[in-house]
Protein chains: 4
Amino acid sequence: MANSKFEYVKDFERPDYLLPNTWVVVRIDGKGFTKLCAKYGFEKPNDKRALGLMNAAAKAVMTDLTDIVVSYGVSDEYSFVFHKTCTLYDRRESKLVSTVVSTFSAYYVYLWSTYFPDMPLAPPLPSFDGRAVCYPSVQNMRDYMSWRQADCHINNLYNTTFWTLIQQGKMDATDAERSLKGTLSKDKNELLYSQFHMNYNNEPEIFKKGSVVFRDYELVEPGSDNVAEKIDDLAEPVNQSKTQAENDKKRRAKARIVVEHLDVIKDDFWDRRPWLLSNKPGKIPKQT
Amino acid sequence: MANSKFEYVKDFERPDYLLPNTWVVVRIDGKGFTKLCAKYGFEKPNDKRALGLMNAAAKAVMTDLTDIVVSYGVSDEYSFVFHKTCTLYDRRESKLVSTVVSTFSAYYVYLWSTYFPDMPLAPPLPSFDGRAVCYPSVQNMRDYMSWRQADCHINNLYNTTFWTLIQQGKMDATDAERSLKGTLSKDKNELLYSQFHMNYNNEPEIFKKGSVVFRDYELVEPGSDNVAEKIDDLAEPVNQSKTQAENDKKRRAKARIVVEHLDVIKDDFWDRRPWLLSNKPGKIPKQT
Amino acid sequence: MANSKFEYVKDFERPDYLLPNTWVVVRIDGKGFTKLCAKYGFEKPNDKRALGLMNAAAKAVMTDLTDIVVSYGVSDEYSFVFHKTCTLYDRRESKLVSTVVSTFSAYYVYLWSTYFPDMPLAPPLPSFDGRAVCYPSVQNMRDYMSWRQADCHINNLYNTTFWTLIQQGKMDATDAERSLKGTLSKDKNELLYSQFHMNYNNEPEIFKKGSVVFRDYELVEPGSDNVAEKIDDLAEPVNQSKTQAENDKKRRAKARIVVEHLDVIKDDFWDRRPWLLSNKPGKIPKQT
Amino acid sequence: MANSKFEYVKDFERPDYLLPNTWVVVRIDGKGFTKLCAKYGFEKPNDKRALGLMNAAAKAVMTDLTDIVVSYGVSDEYSFVFHKTCTLYDRRESKLVSTVVSTFSAYYVYLWSTYFPDMPLAPPLPSFDGRAVCYPSVQNMRDYMSWRQADCHINNLYNTTFWTLIQQGKMDATDAERSLKGTLSKDKNELLYSQFHMNYNNEPEIFKKGSVVFRDYELVEPGSDNVAEKIDDLAEPVNQSKTQAENDKKRRAKARIVVEHLDVIKDDFWDRRPWLLSNKPGKIPKQT
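Residues numbered from 1 in each chain as written. Chains lettered and ligands numbered in written order. Predicted model: local features only at pLDDT ≥ 70, side-chain atom pairs only at ≥ 80, totals over all residues. Heavy atoms only, no water.

When you go through chain A residue by residue, the secondary structure sums to 11 helices and 6 strands. Once the C-alpha set of chain A is aligned to its principal axes, its extents read approximately 65 × 65 × 40 Å. Here chain A holds 288 residues, and 54% of them are scored as buried. Counting contacts in chain A only where the partners sit at least 6 residues apart, residues at least 24 apart contribute 79% of the total. (Helix = DSSP H or I, 4+ residues; strand = E, 2+ residues; numbered from the N terminus. Buried < 20%, exposed > 50% of the residue type's maximum accessible area, 1.4 Å probe, protein only. Contact = heavy atoms within 4.5 Å.)

Residues and elements named next belong to chain C. The 6 strands lie next to each other as E4-E1-E3-E2-E5-E6, forming an open sheet whose pairing is antiparallel. Each having just a single partner strand, strand E4 (128-135) and strand E6 (256-260) make up the two edges of the open sheet. Neighbour to neighbour, the strand axes of the sheet diverge by 20 degrees on average, direction disregarded. Strand direction decides the pairing type here: strand E2 (residues 68-74) and strand E3 (residues 77-82), joined by 6 bridges, are antiparallel. Within the sheet, the bridge partner assigned to Val-70 lies in E3 and is Val-81. Set on the sheet, helix H2 (residues 48-64) makes contact with E2, E3, E4, strand E5 (211-216) and E6; between it and E3 the angle comes to about 20 degrees. (Pairing = 2+ DSSP bridges. Axes fitted to C-alpha atoms, helices over the stretch in contact; angles between N-to-C directions.)

We now examine unusual backbone geometry. Glycine aside, the phi torsion of most residues is negative, and most peptide linkages are trans. Between B:Pro123 and B:Pro124 the backbone carries a cis peptide bond, its omega angle lying at -5 degrees. Along the chain, the position of B:Pro124 falls in the loop between helix H3 (93-115) and strand E4 (128-135). Residue C:Pro45 is bonded to the preceding C:Lys44 through a cis peptide linkage, with omega at 0 degrees. Positive phi, normally seen in glycine, also occurs at B:Ser75, with a value near 55 degrees. Along the chain, B:Ser75 falls in the loop between strand E2 (68-74) and strand E3 (77-82). Unlike most non-glycine residues, D:Asn21 shows phi in positive territory, near 60 degrees. Its location among the elements puts D:Asn21 in the segment before strand E1 (23-30).

Residue and element names in this part refer to chain D. A sheet is described by the order of its strands in space; here 6 strands give the open sequence E4-E1-E3-E2-E5-E6, paired in antiparallel fashion. Each edge of the open sheet is held by one strand with a lone partner, namely strand E4 (128-135) and strand E6 (256-260). Geometrically, the sheet is characterised by an average inter-axis angle of 20 degrees between neighbouring strands, direction not taken into account. By the bridge criterion, 8 bridges tie E1 to E4 in an arrangement that is antiparallel. Bridging across to E4, Arg-27 finds its partner in Arg-131. Set on the sheet, helix H3 (residues 93-115) makes contact with E1, strand E3 (77-82) and E4; between it and E4 the angle comes to about 140 degrees.

Screw-axis analysis of chain B against chain A gives a translation of 0.0 Å along the axis, an RMSD of 0.0 Å, and a rotation angle of 180 degrees. What we have between these two chains is a two-fold relation. (Least-squares fit on C-alpha atoms with pLDDT ≥ 70 in both.)

Our next topic: the pattern of salt bridges. By the definition in use, this model includes 63 salt bridges over all chains. Note that A:Glu13 is salt-bridged to B:Arg27, the shortest N-O span being 3.7 Å. Of the two residues, A:Glu13 sits in the segment before strand E1 (23-30) while B:Arg27 sits in strand E1 (residues 23-30), which places them in two different chains. The class for B:Arg27 is buried, based on a relative accessible area of 9%. Notably, a salt bridge pairs C:Lys209 with C:Glu205, separated by 3.2 Å at the nearest N-O pair. In this pair, C:Lys209 and C:Glu205 are both assigned in helix H7 (residues 205-209), 4 residues apart and thus about one turn of the helix distant. Where salt bridges share partners, they join A:Glu13, A:Lys95, B:Arg27, B:Asp29, B:Lys31, B:Asp129 and B:Arg131 into one cluster. (Salt bridge = Lys/Arg side-chain N within 4 Å of Asp/Glu carboxyl O.)

Here we come to the UniProt feature "domain: tRNAHis guanylyltransferase catalytic" (unreviewed entry) in chain A. Listed under "domain: tRNAHis guanylyltransferase catalytic" (unreviewed entry) in the UniProt record, and renumbered for this structure, are residues 6-136 of chain A. With 36% helix and 22% strand, the stretch residues 6-136 of chain A has end C-alpha atoms that lie 40 Å from each other. (UniProt positions renumbered as here; feature names shortened; annotations may be inferred.)

So, on to the nonpolar core. Counting 308 residues, the largest nonpolar core has A:Phe104, B:Phe104, C:Phe104 and D:Phe104 as the members making the most contacts within it. Residues contacting C:Phe104, with those up to four places away along its chain left out, are C:Ile28, C:Met54, C:Ala57, C:Ala58, C:Val61, C:Tyr78, C:Phe80 and C:Phe128. (Core = buried A, V, L, I, M, F, W, Y, C linked by side-chain atoms within 4.5 Å.)

The structure is reproduced here in structure tokens:
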């Protein structure tokens, strides 16, 4: 049975290489998580176990895919940032998106019982969709991260107020929604404080800021150097020696991957962690 | 914190709608399965448990995604065929690929312990990549399926002979490879028979033919009608009434999804199951 | 001066092969032709010289690019149809679009003085933009052609009535527009007849039907055969022998390219000219 | 005749917006110019009339399309650079490519008789194909320009030597080719000097450097400022006031478009003309 007469079907595959010298963000989103929340009784407005599971899966993705420099998660979504010099899978979009989504989904199911020991998974299982977006400059990529974190803040303030009105204020959803229509941030802060003696600022950072995941090296004093500008100057994939590339890979593998709840909008986060933009591993901090 | 100043980053997303009126095949492939086979001691040349797990995950994908009309699996790959009238996710490529890959990966991990009860999974977990390809005509789509099944046959005959030389013939891999270099199908058949008294035709169908998964309705006498031509004549997504579409969906949900090891290259398979090309649910067979 | 250090910039080119086995339509549109009409005093609602120039340029494009099987023009737009088996420039979208647009523009300028001998061109020159669209089935492609011709009819009936109200009815544009708002085809026909004793059916075919350009072979009695279905059955580029391909090319080169004003919506046009769908040159008609 | 039943064909058009915040280079190439050169007797290795015509057409393109900041031409090719903030036609690839190609082709034919008064054009007419490439950083875009200019130098030195061997050395093409095989630049320089008393450095700049076309403002002292870095910092299309945008447009329209033969590889060219990277019109120089 010669296969040659059917092989022409390979010509229908379309190449999908992403533009070189751009930051690639793969964002994944939970599919039908409203139903999932109800099915497994996730707490409202935030479920710490569910966020813990998302973060653990994201850490596992970054452990398996060392080309990801930083990721950011909120609610049932996670964004993974590949450095603009990344050449993994020749930057083929389908490969990058499907590998991230597959790895994340696998760990989400695998780690489920750690975070929900009393609630076994049952079909239909949780799943995620994903897409890739290219950002040409450091500023574009940082603005993407800022967009997600600003969104996290806006949604969380809304959800916190909404669910407080329901859970403590004994409103139904329709009344709560009506109460919040047209309100500004300061109105919601004021409402929480005056009616429920609740200071939004004291809410857990993981709810207010979301989660940022990265390899942990020694922090750098800011102001010494402008990494962003140098990064944009890089025109082409740096031709590292093989030895250098392998050394970098080893140092990355040794670095601890941490989950923090920091402000990624301000410069400080990026200035103190120049390895995020430069893709050069920093110094492994001494364990204490 | 107004979000508007960052929202411009959404403009960097590229639309990726697949061409209407084409068959969409999403193929997924195991990543690094050579290592995985070694790690969990998969049997050579075929491991029935591993194939059973692949098939179970594919069945689950087709249960969750009712727009898939047929799928075909061999080794660590699976191809899922969406009907050319499918409008799921507005035919966005990233959505279709990532959802299939995510759902498959989730079930693969979830069902692992059923097929490998004595071998718990440990990181790094199995994962899959995927891509979508559009085929304009029924013939193109069928040729794609034929291509995969012809490939299955060629590889399985090679692998069966190769591993028989090693396992029963006590050759090492280099010698076995050398023995097979340049041989034709009939030479391998002859070798198996003369040296090992083994008739390749008696090998299990799942190894020789791979697995085809579809909804099971009452078979139709072939020859009565040419569905393929009518299908190619369809120019645009059929505007079904909502009631009709819902009825179809219910009948699909009721249909049993079966895993068979049939020849999909010959016309017979398609002629007797006109619902695969027409996307009209057939008659639910009476249970016996 | 070694060039190698700059050559990496070639990697930024994106491949843009159009899906095989689909009909490729390249449509071009005049840029800013409202201004152009005013500048050179085109007659309203239709200028026979301008249409003649468009048709002459389209004929020249089809003479230079023998892969185009049929084209259709109306007003300042022209659609060129490449057969679904076409492999010109490996079906690269940019190449196909830019070559058609360039060739058309060159002839439009070159032939201008033939059609407007008393009105020399002056910068800014007329120019055209273009795009390619793929259609998977014969029915899709024919529906595209029907769409353009139905559009021609609707626009021409409107414009004819609108300009008659202005030119003969002495209305201004605002009043003419108001008179036509919400009218149906039969209302406009009636208005032309009752107020201006004008029978729209007697208008020139080139205005009512637009122009269709194709190679002229002997007509075939319709009903004998269904070419469209056979065409959709073709799964892959036909592997003609080189001799056969060259013979076909020669016969195409010998065929007269004609401009007609026929109905391309009904089957008759396609049934009597099977070479349009089959891409097999027909019989050269005897000159009389 | 309702058009609605055919309008679904519009859904087959694919969006093709180019990635924002990237430099767009549209390069056009003459089609079959080897034949054209022979047909009209272009001089070898360079024909000043033909280059003059290319440059005149490029100037006309830049006059009509004010979004182009700089262009570079050599032989039968021309590259047009759109600023990374350009939003012309919503950055649709087909529109940008086809408009450039169409406008260039129209002027090439229109201006032909000015440069070749004694040689009237005859079909098949000269035509050009084109494609667009996106470059994320200033350095990428400058490297693209450097690549073309380095290529110009390499080809021109080769062609000059090759044709001197033929025209003055009375070699045939095969011998000339053989003589040059494996030679370095200095070998060719040496060959020209020792055998033909010809100093390559004294060749016309237009042959050695190609042609660069841009709007002419007052030159700026270099070193004062790093425009390139600031340009890469720009993250999004600058939201100019409408008045500002119109002022800029007027100043651009007033600026003289010049054709020069300068080194675009070194920094000096870009440093002294900051408006090329900033897209802010400079000062119109006083006429003398």
